[in-house]
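# Notes for the structure review
The chain contents come next:
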Amino acid sequence: MHSRLSAPLRRGAPLRRAQRRLAATSAVGPGRDGSSEGKAANGGYGLGSLLAVGTAGVLGGLAIGDTDGRYRRLQFPQGQLRACCDSPVSDAQRALPTELAAVVGAAHVKKNHTQKGSRIGQGTSLAHVSPGTLAEAAKVLEMCTKADVAIVPQGANTSLTGGSVPRNECDRPTVIVNLRRLSKILPIGDDGKQVLCFSGAGIFDLKDKMEKEYERDSHSVLGSIFLNPTVGAGVAYGSGGTQIRKGPVWTERALFLKVKDDGSVELVNTLGLRDGGDPIGFLDARAQLKPEDVDPKSTGSCSWPDYGGVVRAFNENKVSRFNADTTGLECCRSEGKVLILATMHDTYPIPKKSQLVWVACKDFADAHALKREVALKGADCMSKTCEYMNSEVYNGVDRAGRILVKMIELVGMQRLEPLWNLKLSIEMIPLPFTNIICDKFLYWFNNIIPHPLPQELRDFGRDYGHHVLMELGEYSDGEVDRLRGALDKFVAGKPPGDVKYQVLEGKAANRANLWRFVVAPAFRTYCVGVGLPGLSIDYAMPKNFKEYPTLPEKEFPIKSRWVYSHFGCNVYHEDLVFAEEVDVDAARYPMKHAIEDLGGKLPAEHGHGTEYKAPKEMQDRWKKTDPLNAMNPGVGGTSSYKKYSDQPCHCGQ
């Protein structure tokens, strides 16, 4: 559990006192013989100087330890640390890493491997194994099940709620099965209207391939796309993203493995391919797929049906999407309770042309009206994206995110993931300040970076409280012109100056999109920079809800609410900067209950992970899917113990 915050930080005060004492005690007067008092024969340092240095060293060490301790007690948006459990290890478990290396190669197995989650969690696994083929993945799961270890599937480890790293509550050693090497992308036919992806394929890689080779748009574009999260993780969490025509990641065409109640591994295949009864061997051998490889009798959907109609139903008192939705296959929103091998997804036409528009509004009601009257005007007149952020987000990114925008511009999307992983590795080093030094560096150097946005947008940020970023796409002839016409009509109907907009092109458009995408990492940098605790939540509000949810701020004082949203879906991400004395753990569930009391659902797309208890319907589904609790035990508030027991079994004994 997190500790409560101590008294407010007085940065560097103990160290400065030590320095003053060093200066004072170093001014030693002359001895009786005219020399420095107590002068050492071999170095010229007097006893007083040595005592001063020693005192300064002790006080400096205490100062560093005190300040580091205070920072570690502050609850920055990264969650508690979780170490490897102390469960007894059986002979079979002890031998497992070596046996896994014989299957996947020694270079792809790390023993006693410690990992940190992107925002939540840290722990050490018995082994971290990376299979390179579907056959290897299936064999690895069978071996892990036989050895009676806990299995945590992992993609790019970008989970924000702790579900992709080991944790110490388990009664068995943990093996991480990282699927990143399963990166094959197989568009079907020459038109690429559907694509089969192995679980570890990155969503940025998929987007890049489909655009360049097929002039098609991929199924998922997330704010974290610069970290290249995996397709399989998107299915496991029901990731949503920015594009309101597509809906959450969801499919009825999948290949996955699950552990049955007798410990055997079952292969579930709904891909609908003519694979000769061996889908694993078939796909491992293929470099491409042809239309004749698909069984015409397979009618399962590869995307959420008519999601555009779902979000345009404005007056419904229900949410558009959320993590505890049990619709569809067991692999959808499974959060690691199955091992996803491959999934099939629809792709989408790229608009003939597009325009990015930044709209600034004086009040939140105008932003909602803009969404309804312009972005979601009709089935044949609908923006590609509709993203919202308030002035706190704008100002926060200005103070802590400029440097991230510049880094992405300099190194590119594909090269940012190794730097991110390096940051996580540094934060795990058990030395003073290592858990904050990267973000401190980013915060300190942020303001030397020239402002990336054009002056017009900086003026918007200064003068307006609410901002909507819309991409208008030419999906049908004249659609961009119709959307621009609707926007001009909307602005003309408001009092002068209440709503303004700017059309962006080229570098300005790219930077505006990055400004929105870097909010999540900028939030942690901001909290570390100002020394205040923070909490990130994501929730979906009913589609007819048009206000900020009222939160229990009297009990948990909030300094700043960073509100940003996949606005077309009414799905929100809110980053809360608390007063120093707030216990974030104590605040988490009251915030959740306040959202749910208004008809909202929390979480909406980041998953329950280890942070939130899933509703009974979802927990029951997971228990039916994974009766032994072999896969990702402890997720969503379920038991961490074998067979969901309330007591550890210490099965290695």
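Residues numbered from 1 in each chain as written. Predicted model: local features only at pLDDT ≥ 70, side-chain atom pairs only at ≥ 80, totals over all residues. Heavy atoms only, no water.

### Side note on the overall build of the chain
Counting its secondary structure elements, the chain contains 19 helices and 18 strands. For the chain, the proportion of its 653 residues judged to be buried stands at 58%. Relative to all contacts within the chain whose residues are 6 or more apart in sequence, the contacts with residues 24 or more apart total 76%. Of the accessible surface of the chain, which amounts to about 26500 Å², a share of 52% is contributed by carbon and sulfur atoms. (Helix = DSSP H or I, 4+ residues; strand = E, 2+ residues; numbered from the N terminus. Buried < 20%, exposed > 50% of the residue type's maximum accessible area, 1.4 Å probe, protein only. Contact = heavy atoms within 4.5 Å. Areas by Shrake-Rupley, 256 points an atom, 1.4 Å probe, with all protein chains shown as cover.)

### Points about the packing of helix H3 (residues 91–104) against helix H4 (residues 134–146)
Where H3 meets H4, the axes come as close as 10 Å, and the angle between the chain directions of the two elements is 165°. Between H3 and H4, the crossing angle belongs to the class labelled roughly antiparallel. The two elements H3 and H4 meet at a crossing, and its hand is right-handed. Across the interface between the two elements, Leu 96, Glu 99, Leu 100, Val 103 and Val 104 of H3 pack against Glu 136, Lys 139, Val 140, Met 143 and Cys 144 of H4. Looking at the contact of H3 with H4 residue by residue, the class counts come to seven nonpolar, no polar and three charged. (Axes fitted to C-alpha atoms, helices over the stretch in contact; angles between N-to-C directions. Parallel < 35°, antiparallel > 145°, perpendicular 65-115°, else oblique. Left-handed = near helix turned anticlockwise from the far one by under 90°. Nonpolar A, V, L, I, M, F, W, Y, C, P; charged D, E, K, R; others polar.)

### Points about the confidence of the model for the chain
The predicted model of the chain averages 86 in pLDDT, with 85% of residues at 70 or higher. Below pLDDT 50 for its whole length, residues 1–45 participates in 66 contacts with residues either more than four positions away or in separate chains. Residue range residues 78–84 is modelled with pLDDT below 50. Its contacts to residues more than four positions away, or to other chains, number 33 contacts. (pLDDT = per-residue confidence, 0-100.)

### A look at the nonpolar core
In globular proteins that are soluble, nonpolar side chains generally tend to be buried together. Cys 331, Val 359, Val 468, Met 470, Phe 578 and Met 591 are the most contacted members of the largest nonpolar core, which has 75 residues in total. The contact partners of Val 359, leaving out residues within four places of it in the chain, are Leu 370, His 466, His 467, Val 468, Met 470, Leu 487, Val 499, Lys 500 and Tyr 501. Counting residues in each nonpolar core, the second largest holds 44 residues, with Val 109, Ala 138, Val 294 and Ala 630 among its members. (Core = buried A, V, L, I, M, F, W, Y, C linked by side-chain atoms within 4.5 Å.)

### Some remarks on the environment of Glu 505
Within the fold, Glu 505 resides in the loop between strand S15 (499–504) and helix H16 (506–517). Between the alpha carbons of Glu 505 and Val 357 there is a distance of 9.0 Å; along the sequence they are 148 residues apart.

### Here we look at the packing of helix H13 (residues 437–446) against helix H17 (residues 519–530)
Between H13 and H17, the shortest axis-to-axis distance is 8 Å and the interhelical angle comes to 90°. Regarding the angle of H13 to H17, the classification is roughly perpendicular. On H17, the residues that touch Asp 439, Lys 440, Leu 442 and Tyr 443 of H13 are Arg 524, Thr 525, Tyr 526, Val 528, Gly 529 and Val 530. Along the lines of polarity and charge, the residues of the contact of H13 with H17 split into five nonpolar, two polar and three charged.

### Topic: the pattern of salt bridges
Per the stated rule, a full pass over the model turns up 32 salt bridges. A salt bridge links Lys 212 to Asp 208, with the shortest nitrogen-to-oxygen separation between them at 3.2 Å. One end of the pair is Lys 212 and the other is Asp 208, both in helix H5 (residues 203–214) and four residues apart, which spans about a single turn. A residue is classified by how much of its surface remains accessible, and Lys 212, at 64% relative accessible area, is exposed. Using a relative accessible area of 22% as the deciding quantity, one classes Asp 208 as partly exposed. When the shortest N-O distance is used, the salt bridge between Asp 620 and Lys 616 registers 2.6 Å. Residue Asp 620 and its partner Lys 616 are located together in helix H19 (residues 616–625), separated by four residues, close to a single helical turn. The class for Asp 620 is partly exposed, based on a relative accessible area of 34%. Beyond isolated ion pairs, a larger network of salt bridges with shared partners links Asp 217, Lys 246, Lys 384 and Glu 471. (Salt bridge = Lys/Arg side-chain N within 4 Å of Asp/Glu carboxyl O.)

### Focus on the layout of surface pockets
The volume enclosed by the largest pocket comes to roughly 780 Å³. Along its surface, the largest pocket is lined by 32 residues, and Lys 207, Glu 471, Asn 510, Asn 513 and Phe 517 are the ones closest to its centre. Of all elements in the fold, only H5, strand S12 (354–361), strand S13 (385–390), helix H11 (402–411), strand S14 (466–473) and H16 reach the threshold of two or more residues within the lining of the largest pocket. With seven residues, H16 is the single largest residue contributor to the lining of the largest pocket. (1 Å grid on protein atoms, 1.4 Å probe; cavity = no way out; pocket = protein on both sides within 12 Å on 5 of 7 lines; lining within 4 Å. Points joined across faces, edges and corners; volume = space filled by probe spheres on them.)

### A short note on the side chain of Asn 323
With respect to the helices and strands, the residue Asn 323 is situated in the loop between helix H8 (307–311) and strand S10 (339–346). Overall, the relative accessible area of 0% leaves Asn 323 in the buried class. Among the polar contacts listed, one links the side chain of Asn 323 to the backbone nitrogen of Glu 605, at a separation of 2.9 Å. From its side chain, Asn 323 meets the backbone nitrogen of His 606 in a polar contact 3.3 Å long. (Polar contact = N/O pair within 3.5 Å; in protein donor to acceptor, adjacent residues only side chain to side chain.)

### With respect to the pairing of S12
When you tally the buried positions in S12, you get six out of eight residues, the bulk of the element. Note: S12 against S14, eight bridges, orientation antiparallel. Within the sheet, the bridge partner assigned to Trp 358 lies in S14 and is Leu 469. Where S12 and S15 come together, six bridges link them in antiparallel fashion. Across the sheet, the residue bridging to Cys 361 is Val 499, located in S15. (Pairing = 2+ DSSP bridges.)

### Examining the sheet that holds S15
Pairing in this open sheet of seven strands is antiparallel, and the strands run S15-S12-S14-S13-S17-S18-S16 from one edge to the other. Looking at strand neighbours, the two that pair on one side only are S15 and strand S16 (534–540), the edges of this open sheet. Pairs of neighbouring strands in the sheet enclose a mean axial angle of 15°, with direction left out of account. Pairing analysis gives three bridges linking S13 to strand S17 (residues 558–566), with the strands arranged antiparallel. If you follow Met 389 over to S17, its bridge partner there is Tyr 564. Relative to S15, helix H14 (residues 455–463) is tilted by about 150°, and along the sheet it contacts S12, S14 and S15. This element, H17, spans S16, S17 and strand S18 (571–578) of the sheet and lies at about 10° to S18.

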